[in-house]
Structure formats: C-alpha cells, structure tokens
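Listed below, chain by chain, are the residues.
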Amino acid sequence: MGMRVEPGGQTLTDKERRRQVIEDALLAFRPELRETFGSVIRRDVLSPQDALANLEASDVVPLIKHRAVVDGYLRSRGRTRTDIRVPVNRVLRTTIPEDRTIPDTRLDDAVRVLDELTAAGDSRLQQSYWVKWVGATTDIFNFSTAEETFQACNDSGGAPKLTPKGEPTGTESRLIVADFWSDLPPSAFAPYVDPRNWPTYSTFWEEMTELPAGSFQAKVDPPKGYDCCFSETVKIFTERLTVPLQIAYRELPDQSRVWARFNISRGHYTSAVPVNVDTGTVSAESIPGGPAPTRVRATKYLHWSDSGRPDLTALACDLGWSELMAEMIYASLGKVPVPHNVVAADQAAMAGQTAETGKTTVDDAVGRFMDDVMREWKKSVNDYAPPLNHLVRRFTGSTWNLRWVNDLLDVGKVTADHSGNVASHVRRLADALQRADDGKDDDG
Amino acid sequence: MGDEKFAEIRPRDLAVVWGRAFGQLVDLWTSGYKSLIETGSGENPAIGDEGGRFVSSAVSSAASGLEARNMKGDSFGEVLPDGAVTVHEIGPAGPPHGPDAMLMNCKVNESLVWPRPGDIYRGQVFDAHEKVIAEISVDAGS
C-alpha cells in the first residue's frame, strides 16, 4: 500500500488520499456542508480549482470524476464557473479511454455541454442531466452500459423503521438507492456484492471484521451463501462510524440473483452505535426488459441516533454508497485490481460449478439465449421505426411515390437481419446443449 | 375499369381498401395480443417492484378488498403475519397502461413485522374473490 506525505506533514495511504480527494471535490462546491460538518471535517476546504486539480491527479474511477465535475459545474456561479473551465477540461481528459485520441476542441465541446445543462436551471446533478451528459459525450468517453445507466443517489424518500430494540425512531429513516444495469451476468458481481470485500475496493470502508460471537455459518442448502455478524467501520472526513451488522449473503442456484442483506445486529447493538437503523440489500439480478440483462442495486435505510455529532447519514449517499457502486462497475470489468480473497472465492465457486457440469451449463445457456433473444427483439422494434415511418408517409402522400417498395424491402431486411441473428442465438444454444450432453456422456 | 384508369388511382384513393385490410390485420393482432394478455393474467399476476408498487387492471375501485399474504423473507425465510403489509390504491397508472390500470402501493406496518429481521419479503396480493392479482416484494423490518 502506497504512502504519501501531505503538505501539513500528515502521512496518508493511497486509499485515504483517494477518499479525501472525493470529499474535497464535494466540499469545494457545497459551502453549506462546511457549516454543518465543520466539526468533523477538521481540515482546510480547498478552492474548486485545487479540488479539481487533485481530482485530475488522482486514480479515482472515471464515473466518480464525471459526476463530481458535472455536479460541481452545475453548482458553481459567475466567475467561479469561468475559472474552473480549464481544470474541468483537464479532469475530463484523464477519463478518456487510452485507445482514443480526442482533439482539444472536442473536449471543449464537452465543457460547453455543461453550459447547456446549467441553462436548464437546476443547480445540482439530476438523473436527467446525467442522461443528457452521457448522450452528448459518449463518443469521447465511450461510456459502458453500467456507466450510462448509473443512478445515484435518490435519498429523498424515507420509511418509519424501528430501532434494534423495536422502538420507533421518531423521524423517518433515510432511504438511499443507487443502481445500474450491466451486460455481465449477476454472478460476475458476486465478489463485490459480498460485504466482506467492500473494504478492499471502496475507499470509504475501512473494515469488515467478524465479531467475536459472529458465528460464521456457511449455508449449503439453496440458496447458498453464509450468515455472519461483522463489525463494519466506515470513515467519512475524520469520523469513524462503526456499526455491528448481521449479514446474510445468498446466491440462487441458477445464479440469476446474488444478494447480501444487512441489518444492525441486535445482539451486538449498544448506545455507542451512531445509527439506530442501518438495513438494506445489495443485489445483482437478471431482470428481463431492462436496458441490459442484469440490474445491480443497493438500497439502504439509515437513521442517525448520535445527537452529539452532526448527522453523517446525510452524506452517505454522496460519499460511500455511490462510490461503492461505482467501484463495483470497474472491478467487474477488470479495470481495478481484484482482491486476492475474491480471486480465491471465484476459483472455489468455479470449481463448484464444474462439478455440477451438465445442469449449470444448460441453465446458463438457456438464460443467455433468452437474454440474447430479448435484446434482439427490443433492438428490432427500434430498427423498424425508420422504414415504417417512410412507408406510411409515402402511402399517405398526395402523389404516387413508387419508392414505397424500397421501404417495404427495408422492413423486410430488418426482419431478415434480426431473424438471422436469432437463428445464430438458436445455433449457439443448440451447440451449448450438445456440449452439455457430451459432458454428461464423458462423465459416464 | 381500364388499365389506364387503374394506373391513375393513387394509394390513398384506395385507402378504404388497404386501410380495411390493414385494420383487419391490426384487429387480429390486437385480439391475439389481448387474449394473450388475458390468458397470461390468469396465470401470471402483475409483478411489483421492490418498493411494493404494482399496476393492475383487475382491481378498479375494489382496493379495500385487497390483501397481501404469504409474505416470506428471501434471506432469512421468516413469514410476516397477515396485516403487516396493506395494499392501497394510488390512482390511475397512466400511459403506457390502459385506462383501467391502477397504480397500487403496499405499506408496511413495522410494528407487526417486529421482531422479524429486515429483509425483502415476497408474497401475493389477493382480491375479494381469492384470486391472486399481483406478486409483490417489500423491504420490511430492520
């Protein structure tokens, strides 16, 4: 783990440094947070230019950089906005995929897209703005499906949850939701859904330690997984928040859903715990009809109980929760180092899968086939629109236009193309079934 | 009608003819689709989201007779007592759903969930005729 000496002589690990860069980028554009959380920030708040320069130099994942830049730009006003155009441009340049050569002028265009977003009026990042940003700049940044569909965080909702002692909290618990869609299967996210690995790839999680009476229990009957109690420690600014959690990690036999459920462990709960509600689910699940085959989602209800400290649950969404999900995207794509214990767990899981040869392979093949056909179907509906539009216009025109025949042929071509693709999927399914059958024969 | 006269006819002059033919095709497709939906609705109730919301065209104003039952936690396997989840009508679902479709919401009575653990609880919504009209899931407990 790398160490670095800060200007004040303080030594920070790479992970701490990365966390501070994200926090600073938030604080630089949100003066109201300095007022509320001054007692726990306890360091100088950087100017927007300095915060962006640190963001540029950091290895914070591109999605977090983009969201910090868009949100910061929308929140800035007047001269500040003018002054950060160049730093914003520099941060964005660090997020361009290495295999792409993008001229400066195109990157200037991207910054102009931010100006268009600010004209819409709302001075913070909204989901509709993210969609517009991605749509207007994906030729530069080559966003993945997961990046495109990323949503975080909607923390405006709430619910009246009870404390670990079964008492009302008085006010609603804050509901935090973040999600994205992925082309990878749910099993690809298993290592990252597993809470034991959160400290390995999230900068905000410090520890997930098995409690002395945690009684780790592997669950062998379906759905497989484990039950255990952990002490979770998250760091935000200078504060360490430690919460005892009861965790249930599960994987459905057909791997169509993997999830982790967490609640405050009632047996380990004391008045020293800063929250009295901390419950939710992190899951990766096959869901037909979405923009991609798999939805990865994290929901969490939080209620702050420590009246002696400012309510840090108000920052959980902007800091830890969305960063955890963003890191999950890059980890699943192999763009950040995979933790050793995760590799071991993966290998063990794969070994288990090989042992079950036939059934798992056939289930996977059928699942893949259905995903492919559904995707093909959705795409074909879009592809039919232009020739059908032309066809109807030519038919309803005031004069003869024999080119409607061409439109009809185009419609036929779309049908032929998509039928051909579906036929390929059918052939692939048939091959997979054949292989599974061969495997069974070989086994005996 | 001579060949020359026929050549002068524009497609839209024959709109009644091809429109009716096309209309019949659309009617056929629509009927097929509707029967598929109706057949499906007999076997596959509406699917709710994890917030406990679902859309149903089978409830109209009889929401007061709806009950959520068989609510079982998918992580810990605990079962909620009847009445822990109640179903309420929010209002018309709006497009792309039909005019009869209503948006429904499930509310959790947390005091009835206690001391069961927080979990995603899945179950069914039954109408007054004991017919399952929706498969729902809610986040309940803590």
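Residues numbered from 1 in each chain as written. Chains lettered and ligands numbered in written order. Predicted model: local features only at pLDDT ≥ 70, side-chain atom pairs only at ≥ 80, totals over all residues.

Q: Where do I start with helix α1 (residues 14-28) of chain A in this structure?
A: Residues that lie three or four places apart on an α-helix share one face, since the helix turns once every 3.6 residues. Taking 1.5 Å as the rise per residue, α1(A) with 15 residues should run 21 Å; its terminal C-alpha atoms sit 21 Å apart, in good agreement. A:Arg17, A:Arg18, A:Arg19, A:Val21, A:Ile22, A:Glu23, A:Asp24, A:Ala25, A:Leu27 and A:Ala28 are the residues of α1(A) that are buried. (Helix = DSSP H or I, 4+ residues; strand = E, 2+ residues; numbered from the N terminus. Expected span 1.5 Å × (residues − 1). Buried ≥ 20, exposed ≤ 12 C-beta atoms within 10 Å, placed from the backbone.)

Q: Even after reading the chapter, I still don't get the interface of chain A and chain B, so can you show me in this structure?
A: Accessible area lost during the coming together of the parts is what is often quoted as the interface size. Across the contact, 17 residues belong to chain A and 14 residues belong to chain B. Elements that contribute at least two residues to the side of chain A that touches chain B include exactly β9 (239-251), β10 (257-264), β11 (275-286) and β12 (294-304) of chain A. Residues belonging to the side of chain A that touches chain B are distributed by class as follows: 7 nonpolar, 7 polar and 3 charged. (Contact = placed C-beta atoms within 7 Å. Nonpolar A, V, L, I, M, F, W, Y, C, P; charged D, E, K, R; others polar.)

Q: What is the right way to look at the packing of helix α4 (residues 62-75) of chain A against helix α6 (residues 85-93) of chain A in this model?
A: When two helices pack together, their arrangement is given by the angle between their axes and by how far apart the axes lie. Residue and element names in this part refer to chain A. Look at α4 against α6: their axes get within 10 Å of each other, and the N-to-C directions meet at 165°. With respect to each other, α4 and α6 are oriented roughly antiparallel. In this structure, α4 meets α6 at a crossing whose hand is left-handed. Contacts from Lys65, Val69 and Tyr73 in α4 reach Val88, Val91 and Leu92 in α6. Its residues assigned to classes, the contact of α4 with α6 shows 5 nonpolar, no polar and 1 charged. (Axes fitted to C-alpha atoms, helices over the stretch in contact; angles between N-to-C directions. Parallel < 35°, antiparallel > 145°, perpendicular 65-115°, else oblique. Left-handed = near helix turned anticlockwise from the far one by under 90°.)

Q: What is the right way to look at the sheet that holds strand β2 (residues 53-56) of chain B in this model?
A: Across a sheet, paired strands are connected by hydrogen bonds in the backbone, their directions being either parallel or antiparallel. All names here are of chain B. Taking strand neighbours across the sheet as the criterion, the 3 strands line up as β2-β5-β4 in an open arrangement whose pairing is antiparallel. For this open sheet the edge positions go to β2 and β4 (85-92), each flanked by a neighbour on one side alone. Taken over all neighbouring pairs, the strand axes of this sheet differ in orientation by 30° on average, direction set aside. Looking at chain direction, β2 and strand β5 (residues 102-108) are connected through 4 bridges and run antiparallel. Pairing of Phe54 across the sheet is with Met104, part of β5. (Pairing = 2+ DSSP bridges.)

Q: Can you help me understand the domain arrangement of chain A in this one?
A: Residues and elements named next belong to chain A. Each assigned domain of chain A is listed here: domain 1 (3-143), domain 2 (152-339) and domain 3 (357-443). Tallying the contact residues gives 5 residues for domain 2 and 4 residues for domain 3. When the residues that make up the side of domain 2 that touches domain 3 are grouped by side-chain class, the tally is 2 nonpolar, 2 polar and 1 charged. (Domains from an automatic or database assignment.)

Q: Looking at this structure, how should I read the nonpolar core?
A: A general trend in soluble globular proteins is that nonpolar side chains are found buried together. Within the largest apolar cluster, 91 residues are counted, with the highest numbers of intra-cluster contacts made by A:Phe189, A:Val193, A:Trp321 and A:Met325. In terms of residue count, helix α12 (residues 313-332) of chain A provides more of this core than any other element does, 11 residues in total. Both domains that meet at this core, namely domain 1 (3-143) and domain 2 (152-339) of chain A, each give it at least three residues. The residues contacting A:Met325, other than those within four sequence positions of it, are A:Ala152, A:Ala178, A:Phe180 and A:Ala298. Formed by 21 residues, the second largest nonpolar core is a distinct cluster that contains B:Phe54, B:Leu80, B:Cys106 and B:Ala140. (Core = buried A, V, L, I, M, F, W, Y, C linked by C-beta atoms within 7 Å.)

Q: Would you take a moment to explain unusual backbone geometry for this structure?
A: Among all residues except glycine, the phi angle is most often negative; among peptide bonds, the trans geometry is most common. All names here are of chain B. With omega at 5°, the peptide bond leading from Pro95 into Pro96 counts as cis. Examined against the element boundaries, Pro96 turns out to sit in the loop between β4 and β5. Phi angles above zero are rare outside glycine, and Asn70 is one such case at about 55°. By secondary structure assignment, the location of Asn70 is in strand β3 (residues 67-73). One non-glycine residue with positive phi stands out, namely Glu130, at about 65°. Within the secondary structure layout, Glu130 lies in the loop between β6 (119-126) and β7 (132-140). We classify Glu130 as exposed; it has 7 C-beta atoms within 10 Å.

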